[in-house]
Amino acid sequence: MALSTSGYTPEINDAAELAREYGARVIAITAVGSPLAGIADLALPLASRETDFIYFPSSSRYAMMAAVDMLALGLALRHRSRTRDKLRRLKITLDAHRGGDNRQPLGD
């Protein structure tokens, strides 16, 4: 899995190429038509617009987090029988660790 909003970061692209050389399939969340998209076996497109206001959080960061969350949700729903018990155990463990009631968010 390779994540790069621009698809031009040399270190990420080099790692993706190396993974392919070792026989791994590369899935990338990146810009359409980017070098990383060209390396990947499967490129999931991501488009976001940045501003020049440096004090504002990067919109691409939020776009990437949303894409990863949607991918995780899709995989969990597709493999419900394998993920349901694991997610339930994770939730119970986190609730016990943090204290409080059982309605706390899993991703807190």
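See the structure shown above.
These remarks concern the structure in this document.

Bringing a negative patch on the surface into the picture now. A surface patch of like charges, here negative, comprises Glu11, Asp14, Glu17 and Glu21. Of note, Glu11 is situated in helix H1 (residues 10–21). Judged by relative accessible area, which is 57%, Glu11 ranks as exposed.

Below, the discussion takes up the nonpolar core. Counting seven residues, the largest nonpolar core is built from Ala2, Ala16, Val26, Ala28, Leu36, Ile39 and Ala40. Apart from the residues lying within four places of it in its own chain, the contact partners of Ala40 are Val26 and Ala28.

Looking at the element boundaries, Leu36 is found in helix H2 (residues 35–39). Residues Leu36 and Val68, spaced 32 residues apart in sequence, show a C-alpha to C-alpha distance of 17 Å. Leave out the neighbours within four places in its chain, and Leu36 touches Ala2, Ser4, Gly7, Ile12, Asn13, Ala16, Ala28 and Thr30.

Where charged atoms from two side chains of opposite charge come close, those side chains can pair. Throughout the structure, instances matching the rule amount to four salt bridges. Note that Asp95 is salt-bridged to Lys91, the shortest N-O span being 3.0 Å. Residue Asp95 and its partner Lys91 are located together in helix H4 (residues 80–98), separated by four residues, close to a single helical turn. Taken individually, Asp95 and Lys91 each receive the classification buried, so the pair is uniform in this respect. Of the charged contacts, one joins Arg98 and Asp95 as a salt bridge, the two residues approaching to 3.3 Å between their closest N and O atoms. With Arg98 and Asp95 both in helix H4 and three residues apart, the pair spans about one turn of that helix. When its relative accessible area of 27% is taken as the criterion, Arg98 is described as partly exposed. Put simply, Lys91, Asp95 and Arg98 are held in one network by salt bridges that share partners.

Conventions used here
- Residues numbered from 1 in each chain as written.
- Predicted model: local features only at pLDDT ≥ 70, side-chain atom pairs only at ≥ 80, totals over all residues.
- Heavy atoms only, no water.
- Patch = residues over 30% accessible without salt bridge, like charges linked within 9 Å, V, L, I, M, F, W, Y side chains within 5 Å.
- Areas by Shrake-Rupley, 256 points an atom, 1.4 Å probe, with all protein chains shown as cover.
- Salt bridge = Lys/Arg side-chain N within 4 Å of Asp/Glu carboxyl O.
- Lys, Arg positive; Asp, Glu negative; His and termini not counted.
- Charge placed at Lys NZ, Arg CZ, Asp CG, Glu CD.
- Helix = DSSP H or I, 4+ residues; strand = E, 2+ residues; numbered from the N terminus.
- Buried < 20%, exposed > 50% of the residue type's maximum accessible area, 1.4 Å probe, protein only.
- Core = buried A, V, L, I, M, F, W, Y, C linked by side-chain atoms within 4.5 Å.
- Contact = heavy atoms within 4.5 Å.

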